[in-house]
Amino acid sequence: MSRFRVRRRDDEGTLEVRWRGGARRRYPYVWLRDNCLCPGCFLPSAQARRSLMAQLDPGTGVAEVAVTSSGQGVSVLWPDGHRSDFSGRWLAARCFSAASRAATQEAIFMEERELWGCEMSARLPAFPFEAVLSDGAASLAWLTSLRRHGLALLHGAPARRGQIERLANSVGFLRLTFYGNVWEVRDKSDANNVAYTAGPLAPHTDYPALTHPPGVQFLHCVRQAVRGGASQLVDGFAVCEQLRREQPEAFRLLASTPLNYVDVGTDLCDFHVHSRNPVIQLDEQGRVQRINLNHATRDSVLDVPLRAVRPLYAALSRFSALTESPRNQITFTLRPGDVITFDNWRLLHGRADYVDLRSEQEAGAGNTDGTGNTGNTGDSGDAGNTGDSGNTGDTGDSGDTGRLLEGCYLDWEVVLSRLRLLRAGLEKETRRSASAGRLPSEGGPAGTLG
């Protein structure tokens, strides 16, 4: 029995498909012709269109439409004699109704976010480092949390260099920047970046001096400071919505005024980078898509009329005050072996100033607690405490004593690609397991860190 019936609607150039359940969907002739799946028009091995736009007639009609002999698809004969066949499942997944289009876009891009404030401290998503490297379900849970919440903590990584490369390679590949594939966040003499000092860092996003800043950041704590160095994270999307409600004019200014950002120096090579990005970047529907804010690299060149300078600074000041507000921040101290992963387009991150062991020794103060444990800051209620006692961050590198985090970037395209592959794999396993009468593997343990 056929799953549906079909009818031509030549007056509007569409094919109407009526499913047995009563649903009716219409598909434009030109769209059907453009998406013919025959071997001459489509290359299955690349999942790519072979036909040329120059060959497509936007006003095409049809010569004949019919349900396929199997009853599971639609066959279209075109005026030039070409024939295209479409399965009912393929058509159902590409419906033109507003609700279906929205659901399809969400399934592809996973734009649904859960906004948060300081309450996230009590439920910071946390996952075992080795589990996300070895188990598909655990990796899917981690990346899903990273996308939805904007952050996830991994605990139990070896406290030595090279671990974030292992993690990044399990996802795809690293984003190369002028600071290299992997960079070290530590107190450096003659630092080429304010992050490479022991001073405090206000909440910011990384690299707005690039036209397309990195989407995701990993930071692995190899050694922690003797005192200080607590990390702060802020949900920038939540802050934007607060600003939109409370001061709509400030929101409008930050969303419509491109600021100049600059980064000059030497690392992987010499660099002199400029960009123009608004602090709040919106998509075509007016939703916040990306935050571009780093006061350290915001250029002194300000391309606005004289009368607009003070209102712009007032808007910047208000936005920054919201990011500094305790109700919008979570604060925690990474322990050696912790890896914090976060959305650099959405979250702003900051750091308290710190004193490391080298500074203490140079000052003649020695170890403040007498235990020799340079990784434990003694911060009670630390949301970054993994409970991995004894992990002191010993890298085996003779003479290395200061606070050390390794960092790297990935692009969201790479992360979302892995997310889709993991999700498709788990769905396939679920269908196979269901047909065999058993449940799929649930993977490694995952949960929240209280």
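Note that this is a predicted model, so its numbers are computed, not measured.

A. Structural context of the overall build of the protein. Secondary structure summary: the protein contains eleven helices and 25 strands in total. The 450 residues of the protein split such that 46% are buried. Within the protein, contacts between residues at least 6 apart in sequence are counted, and of these 74% link residues at least 24 apart. Looking at the protein as shown, the accessible area adds up to about 21600 Å², and 51% of this sits on carbon and sulfur atoms.

B. Structural context of the packing of helix 8 (residues 248-256) against helix 9 (residues 309-324). It is the contact of helix 8 with helix 9, at a shortest axis distance of 9 Å, that shows an interaxial angle of 105°. With respect to helix 9, the element helix 8 is oriented roughly perpendicular. Counting all contacts with helix 8, which are made through Ala250, Leu253 and Leu254, the residues of helix 9 involved are Pro311, Leu312, Ala315, Leu316 and Phe319. Of the residues assigned to the contact of helix 8 with helix 9, the class counts are eight nonpolar, no polar and no charged.

C. Seen up close, the environment of Ala238. Residue position: Ala238 is located in helix 7 (residues 236-246). The sequence separation of Ala238 and Glu114 amounts to 124 residues, and the corresponding C-alpha distance is 9.0 Å. When neighbours within four sequence positions are excluded, Ala238 is seen to be in contact with Leu115 and Trp116.

D. Highlighting the nonpolar core. Formed by 51 residues in total, the largest nonpolar core has its most connected members in Leu151, Leu233, Leu254, Val279, Ile280 and Phe319. Of all the elements, helix 9 adds the most residues to this core, at five residues. Every residue in contact with Val279, bar those within four places of it in the chain, is listed here: Leu254, Thr257, Leu259, Tyr261, Arg290, Ile291, Asn292, Leu293, Leu316 and Phe319. The next biggest cluster of nonpolar side chains, apart from the first, holds 30 residues, and it includes Phe127, Val132, Ala157 and Ala168.

E. View of the packing of helix 5 (residues 136-149) against helix 11 (residues 412-436). In the contact formed by helix 5 and helix 11, the axes pass within 9 Å of each other and the chain directions differ by 135°. Our classification of the angle between helix 5 and helix 11 gives oblique. Read as a crossing pair, helix 5 and helix 11 show a hand that is left-handed. Side by side, helix 5 and helix 11 meet where Gly136, Ser139, Leu140, Leu143, Thr144, Leu146 and Arg147 of the first sit next to Trp412, Val415, Leu416, Arg418, Leu419, Leu422, Arg423 and Leu426 of the second.

F. Spotlight on the sheet that holds strand 22 (residues 347-351). Across the sheet, which stays open at both edges, the four strands sit in the order 12-22-15-20 with antiparallel pairing between neighbours. Two strands bound the open sheet, and with one partner strand each, they are strand 12 (201-204) and strand 20 (329-332). Pairwise comparison of adjacent strand axes, ignoring direction, gives a mean angle of 15° for this sheet. In this structure, strand 15 (residues 231-235) lies alongside strand 20, joined through four bridges in antiparallel fashion. Within strand 20, the residue paired with Ser231 across the bridge is Phe332.

What counts, and at which threshold
Each chain has its residues counted from 1, running along the sequence as written. Where local features are concerned, this predicted model is filtered to residues with pLDDT of at least 70; where side-chain atom pairs are given and counted, the filter is 80 or more; whole-chain, interface and lining totals use all residues. With hydrogens and water set aside, each side-chain value is computed from the structure's full complement of heavy atoms. Helix and strand assignments follow DSSP, with helices taken as H or I runs no shorter than four residues and strands as E runs no shorter than two, numbered in order from the N terminus. Think of it in three bands: residues with accessible area under 20% of the maximum for their type are buried, residues over 50% are exposed, and the middle band is partly exposed, with areas taken using a 1.4 Å probe on protein chains only. Contact definition: two residues touch when any of their heavy atoms are within 4.5 Å. Note on areas: these come from Shrake-Rupley sampling with a 1.4 Å probe, and a residue is covered only by the protein chains present in the view. Note on definitions: angles span 0 to 180 degrees between N-to-C directions of axes, and those axes are lines fitted to C-alpha atoms, for helices only across the stretch in contact. Every angle not falling under 35 degrees, over 145, or within 65 to 115 is termed oblique; those three ranges are roughly parallel, roughly antiparallel and roughly perpendicular. Following the grouping adopted for this structure description, the nonpolar residues are Ala, Val, Leu, Ile, Met, Phe, Trp, Tyr, Cys and Pro, the charged ones are Asp, Glu, Lys and Arg, and the polar ones are all others, Gly among them. The criterion is simple. A nonpolar core is a set of buried Ala, Val, Leu, Ile, Met, Phe, Trp, Tyr and Cys residues joined through side-chain atoms within 4.5 Å. A clockwise turn of the near helix away from the far one marks a right-handed crossing, whereas an anticlockwise turn of less than a right angle marks a left-handed crossing. Each pair of strands is called paired provided DSSP finds at least two bridges between the two strands.

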